Amino acid sequence: MRRALPLLLPFALIACSPATPPADSAATPAAAPADLPDAATADHAATLGAYHWRLVDARDGAGAPIDGLLAEGGAPLQLDFRDGGVSVSNACNRINASVTLDDDRLEVGPAVSTQMACLDERLAGLEREIGARLPGTHRLAITAGDTPRLSLQTDGGETLQFEGAPTPATRYGSTGEQVFLEIAPERVACTHPLIPDHRCLQVRPVQYDDAGVRRPGEAEWTPLYQEIEGFEHEDGMRNVLRVQRFDVADPPADAPSQAYVLDMVVESENARR
C-alpha cells in the first residue's frame with residue numbers, strides 16, 4: 001500500500017545547530033546487502049516518526065566503508081521523518097525532501113536545502129555525500145529493540161545503518177505545547193532544592209500574531225528552575241526560542257512537572273554590543 005508518511009511535527013530549519021544533542025554512538029559493522037533482514041510489511045510510519053535516526057555505519061555494495069559519510073570529529077548525520085517528509089541535520093545545511101512509504105520501499109523526492117555557506121569541510125562533505133544518496137527509492141528494514149535500527153539499501157547496493165533515539169514526543173508521550181520564550185542575556189541567582197548556589201535562566205513569554213509579528217508589551221522576567229533541553233545559554237546573548245513544553249508523568253520529588261525542549265532559535269543577539 002502506497003502512502004505518504006502521516007507525521008506530526010513541523011520542520012525546524014536551523015542550519016548546523018541540531019535541536020537535540022546527539023548521543024555518542026560508535027560505528028558498528030553493517031550487514032552486507034544480501035544479509036539485510038526482511039522488512040516487515042507493517043506500516044513503519046509511526047516508528048520512523050518516533051525516533052531521531054543517527055547514522056552509525058555506511059557501506060558500499062562490496063561492504064567497504066563509505067568514508068565520506070562517516071567522517072569523524074562531530075555529530076553524525078541524523079534523519080527525522082515528519083509531515084510526510086524527511087529532514088537531515090548535522091550537515092552544513094538542513095536538507096529536506098518529501099517521502100512516500102510503500103511497504104518496505106521508501107521513496108525520497110528531490111532534496112532541498114538551506115543555502116548557508118560552510119567553511120567546515122567535514123560538514124560540507126557530509127552534505128555532498130548524503131545529498132547524492134538521499135533522493136531515490138530505498139529498501140527499508142527496521143529492527144526493533146531498546147535501540148532500534150533502521151537499514152536503508154539504495155538502488156546502487158549501498159547500505160546505510162541508523163540507530164534510533166526517542167524524540168521528546170516519544171519520551172513524554174505527547175506532542176507537547178508550542179510556546180515562545182525570551183531568554184535574558186544573564187542568569188540570575190535562584191534557590192534550587194537540589195543545587196546550591198544555582199543560577200537560573202530568566203525567561204518571559206513572547207506572543208506573535210498570525211502574520212508572525214511580535215505583539216507589543218513585555219511580560220515580567222521570571223526564573224526558570226530547570227534547563228531547556230537542546231539549548232546552551234551563553235552569557236551576554238539574548239535569545240527568543242520556540243520550545244515544546246511537555247507534562248512529565250509522575251516526576252520524582254523536587255523535580256519539575258514540565259519539561260522544555262528547544263525546537264527553534266527565532267532570534268539571537270549579543271546584548272553587550
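It should be emphasised that the depicted structure is a prediction, and the values quoted were computed from it without experimental measurement.

What about the overall build of the protein?
Then step 1. The secondary structure content of the protein amounts to three helices and 16 strands.
Then step 2. The 273 residues of the protein split such that 42% are buried.
Then step 3. Considering only intrachain contacts with a sequence separation of at least 6, the fraction spanning at least 24 residues in the protein is 65%.
Then step 4. Accessible area for the protein stands at about 14100 Å²; split by element, carbon and sulfur atoms hold 51% of it.

Quick notes on empty space enclosed by the protein
Then step 1. Counted under the stated rule, the structure contains two cavities of 30 Å³ or more.
Then step 2. If you add up the space inside the largest cavity, you get close to 40 Å³.
Then step 3. What lines the largest cavity is Ile 130, Arg 133, Leu 134, His 138, Leu 152, Thr 154 and Leu 160.

Description of helix 2 (residues 121–133)
Then step 1. With 13 residues, helix 2 extends 19 Å between its outermost C-alpha atoms, agreeing within 8% with the 18 Å of an ideal straight helix rising 1.5 Å per residue.
Then step 2. Residues of helix 2 that are buried include every one of Arg 122, Leu 123, Ala 124, Gly 125, Leu 126, Glu 127, Ile 130 and Arg 133, and no others.
Then step 3. Buried-residue contacts for helix 2 involve strand 4 (85–89), strand 5 (95–102), strand 7 (112–113), strand 8 (136–143) and strand 10 (159–166).
Then step 4. At the N-terminal end of helix 2, a side-chain oxygen is found 2.9 Å from the backbone nitrogen of Arg 122, two or three residues along, and the residue is Asp 120.

Description of the environment of Arg 272
Then step 1. Mapped onto the secondary structure, Arg 272 falls in the segment after strand 16 (258–270).
Then step 2. The exposed category is assigned to Arg 272, whose relative accessible area is 58%.
Then step 3. Along the sequence, Arg 272 and Gly 236 sit 36 residues apart, while their C-alpha atoms lie 5.8 Å from each other.
Then step 4. When sequence neighbours within four positions are dropped, the list of residues in contact with Arg 272 reads Glu 186, Asp 235 and Gly 236.
Then step 5. A polar side-chain atom of Arg 272 sits 3.2 Å from a polar atom in the side chain of Glu 186.

Side note on the packing of aromatic side chains
Then step 1. Evaluation of the coordinates by the stated rule reveals three aromatic pairs.
Then step 2. The interplanar angle of 50 degrees and the centroid separation of 5.4 Å between the aromatic rings of Tyr 51 and Trp 53 together place this pair among those described as tilted.
Then step 3. Where Phe 180 meets Tyr 208, the ring centres are 4.9 Å apart and the plane angle is 65 degrees; that geometry is what we call edge-to-face. Residue Phe 180 is located in strand 11 (residues 177–183), and its partner Tyr 208 is located in the loop between strand 13 (199–205) and strand 14 (222–224); the two are separated by 28 residues in the primary sequence.

Comments concerning the nonpolar core
Then step 1. Ranked by size, the top nonpolar core spans 29 residues in total, and within it Phe 81 and Leu 106 carry the most contacts.
Then step 2. Counting 12 residues, the second largest nonpolar core, distinct from the first, contains Val 179, Leu 181, Ile 228 and Leu 241.

A short note on the side chain of Asp 80
Then step 1. When you line up the elements, Asp 80 lands in strand 3 (residues 78–82).
Then step 2. A distance of 2.8 Å separates a polar atom in the side chain of Asp 80 from a polar atom in the side chain of Gln 78.
Then step 3. Residue contacts for Asp 80: discarding those within four places in its chain leaves Tyr 51, His 52, Gly 85, Val 86, Ser 87 and Ser 89.

Structural notes on the confidence of the model for the protein
Then step 1. This prediction gives the protein a mean pLDDT of 84; 84% of its residues lie at or above 70.
Then step 2. Considering each helix and strand of the protein separately, the mean pLDDT is smallest for strand 1 (residues 2–4), with a value of 49, and largest for strand 10, with 97.
Then step 3. Predicted confidence for residues 1–42 stays below pLDDT 50, and this span has 108 contacts to residues more than four positions away or in other chains.

Structural notes on the side chain of Glu 127
Then step 1. Here Glu 127 is to be found in helix 2.
Then step 2. In this structure, Glu 127 is buried with no salt-bridge partner, the nearest side chain bearing the opposite charge being Arg 128 at 8.3 Å.
Then step 3. There is a polar contact of 2.8 Å between the side chain of Glu 127 and the backbone nitrogen of Asn 93.
Then step 4. Non-local contacts of Glu 127, meaning those with residues more than four positions away in its chain, are made with Ala 91, Cys 92, Asn 93, Ile 95 and Ser 113.

Section: unusual backbone geometry
Then step 1. The phi dihedral of Asp 83 is positive, around 50 degrees, even though this residue is not glycine.
Then step 2. Overall, the relative accessible area of 40% leaves Asp 83 in the partly exposed class.
Then step 3. In the Ramachandran plot, Asn 90 falls in the positive-phi region, its phi being about 75 degrees despite a non-glycine side chain.
Then step 4. Within the element layout of this structure, Asn 90 appears in the loop between strand 4 and strand 5.
Then step 5. According to the relative accessible area criterion, Asn 90 is buried, its value standing at 8%.

About the criteria used
- Residues numbered from 1 in each chain as written.
- Predicted model: local features only at pLDDT ≥ 70, side-chain atom pairs only at ≥ 80, totals over all residues.
- Heavy atoms only, no water.
- Helix = DSSP H or I, 4+ residues; strand = E, 2+ residues; numbered from the N terminus.
- Buried < 20%, exposed > 50% of the residue type's maximum accessible area, 1.4 Å probe, protein only.
- Contact = heavy atoms within 4.5 Å.
- Areas by Shrake-Rupley, 256 points an atom, 1.4 Å probe, with all protein chains shown as cover.
- 1 Å grid on protein atoms, 1.4 Å probe; cavity = no way out; pocket = protein on both sides within 12 Å on 5 of 7 lines; lining within 4 Å.
- Points joined across faces, edges and corners; volume = space filled by probe spheres on them.
- Expected span 1.5 Å × (residues − 1).
- Polar contact = N/O pair within 3.5 Å; in protein donor to acceptor, adjacent residues only side chain to side chain.
- Phe/Tyr/Trp six-rings, centres within 6.5 Å; stacked < 30°, edge-to-face > 60°.
- Core = buried A, V, L, I, M, F, W, Y, C linked by side-chain atoms within 4.5 Å.
- pLDDT = per-residue confidence, 0-100.
- Lys, Arg positive; Asp, Glu negative; His and termini not counted.
- Salt bridge = Lys/Arg side-chain N within 4 Å of Asp/Glu carboxyl O.

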